[in-house]
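# Architecture and fold: a report
Spelled out from the first residue to the last, the chains are:
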Amino acid sequence: NRRATTTHRIALIPGDGIGNEVIPAARRVLDTVAARHGLGLTYETYDWSCERYADLGAMMPDDGLDQLRGHDAILLGAVGYPGVPDHVSLWGLLIPIRRGFQQYVNLRPIRVFEGVPSPLRDAGPGDVDLVVVRENVEGEYGEIGGRLGRGLPEEMAVQEAVFTRKGVTRVLDYAFSLAERRGGRLTSATKSNGIIHTMPFWDELVAERATAHPEVAWDQEHIDALAAKFVLDPRRFDVVVASNLFGDILSDLAAAVAGSIGIAPAANLNPERDFPSMFEPVHGSAPDIAGRGIANPLGAIWSAAMMLDHLGHPEAATRVTDAMATVLAKTPVRTPDLGGTATTEEFTDALLELL
Ligand code: ATP
Ligand code: MG
């Protein structure tokens with residue numbers, strides 16, 4: 001089911017803050033590679049955002065998922081606004097889309113690029129080239145639980161984590177297949193010495209799925225030790241698979257280690273392609289710099305490249321990531337977060353020239 005068609009309907013949700021600056025930049029890049037590779041991309045833009053929430057009381061309309069369903073992919077900027085609690089944007093938009101469209105794989109590639117200083121001592125280009133595969137729809141981020149005895153000395157809070165054989169198996173199979181394709185190895189992160197029901201279950205399923213992928217060398221680590229190794233020796237990792245919570249933490253850590261949150265991309269994948277997948281930069285709406293035209297567009301552009309790959313155009317995707325690597329390595333043009341003085345538009349212009 002990887003057969004490539006050449007026309008695709010893309011839903012754009014710029015969202016809030018710098019989402020409105022980086023999505024137009026990503027679109028310029030998409031249009032340029034589409035022209036080079038003979039792809040017909042059509043776009044529909046949705047103004048779903050915290051701003052819409054402030055006006056109308058909802059991040060998206062009631063039939064939002066139905067409006068998105070007919071698209072081949074969704075490209076999202078960022079949602080979030082000062083004063084609007086994070087759970088509004090999370091539960092009002094991101095989580096309904098992820099769960100409604102069974103986007104059970106959250107894929108976050110992390111690379112150290114030449115020309116982007118990493119906070120790691122002696123990390124050089126190519127030293128860090130890994131992918132975090134995060135389970136995206138179950139696990140620790142469940143809704144089961146509650147609070148008892150508010151304000152009392154006996155007050156308590158309980159939250160259940162739910163791991164299903166089906167849910168864990170499918171994300172593990174995705175991660176093992178990805179490790180196979182990358183010719184790499186797989187590391188699974190759990191905490192089986194402290195969390196004694198769900199995590200041993202995950203470990204058992206890793207061992208079980210490993211037998212179906214005998215070419216992949218794999219190991220497992222406790223999340224605490226793994227976090228330390230991400231900082232001390234990230235070179236040893238290739239594909240890292242983890243639960244919803246642990247994957248969330250590890251991917252932010254890895255993105256920071258690679259040098260800039262402005263570059264990191266993410267894909268929320270429905271690997272079976274029964275529903276559209278969603279692509280979004282890791283960064284948020286960045287209200288501190290929004291409206292100034294200086295946001296780094298690379299996170300959105302790399303996300304758009306992942307979208308092209310998912311739609312069956314890996315050469316077009318590689319053209320984009322190669323141009324990213326080149327603009328960083330060979331030109332001084334970059335946005336202020338990377339130590340430059342270029343605007344979002346100038347940085348995008350420099351990239352387009354290389355395309
Ligand atoms: P949100 O509430 O939407 O998550 P946030 O401010 O909490 O927004 P980020 O948007 O990720 O979180 O911003 C964290 C910091 O990184 C901010 O100082 C922001 O300016 C900076 N930043 C994030 N993304 C970019 C980008 N693309 N270009 C430049 N700086 C960025
Ligand atoms: Mg934030």
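For the structure, see preceding data.
Residues numbered from 1 in each chain as written. Chains lettered and ligands numbered in written order. Predicted model: local features only at pLDDT ≥ 70, side-chain atom pairs only at ≥ 80, totals over all residues.

### Comments concerning the sheet that holds strand E5 (residues 129-135)
Strand order in the open sheet formed by ten strands is E2-E1-E3-E12-E11-E4-E5-E10-E8-E9, with mixed pairing between adjacent strands. What marks the edges here is a single partner per strand, and that holds for strand E2 (40-45) and strand E9 (217-222). The mean angle between the axes of side-by-side strands here comes to 20°, regardless of whether they run parallel or antiparallel. Most of the contacts of helix H8 (residues 244-258) go to E5, to which it runs at about 155°, and overall it touches strand E4 (105-111), E5, strand E8 (185-190) and strand E10 (239-242). (Pairing = 2+ DSSP bridges. Helix = DSSP H or I, 4+ residues; strand = E, 2+ residues; numbered from the N terminus. Axes fitted to C-alpha atoms, helices over the stretch in contact; angles between N-to-C directions. Contact = placed C-beta atoms within 7 Å.)

### Quick look at the site of ligand 1
Around ligand 1 sit 17 residues in total, of which Gly80, Gly262, His283, Gly284 and Asn296 are the nearest. In terms of residue class, the shell around ligand 1 is made up of seven nonpolar, eight polar and two charged. (Near = placed C-beta within 6 Å. Nonpolar A, V, L, I, M, F, W, Y, C, P; charged D, E, K, R; others polar.)

### Comments concerning unusual backbone geometry
A positive phi is found at Gln102, a non-glycine position, where the angle reads about 50°. Mapped onto the elements of the fold, Gln102 is located in the loop between helix H4 (86-100) and E4. Positive phi values are uncommon outside glycine, yet Arg273 reaches one of about 65°.

### Examining the nonpolar core
By size, the foremost hydrophobic cluster in this structure holds 100 residues, and its most contacted members are Leu75, Val133, Ile301 and Ala304. Looking at this core, the element that brings in the most residues is helix H9 (residues 298-310), giving nine residues. Ile301 has contacts with Ala25, Ala26, Val29, Val320, Met324 and Leu351, leaving out every residue within four places of it along the chain. (Core = buried A, V, L, I, M, F, W, Y, C linked by C-beta atoms within 7 Å. Buried ≥ 20, exposed ≤ 12 C-beta atoms within 10 Å, placed from the backbone.)

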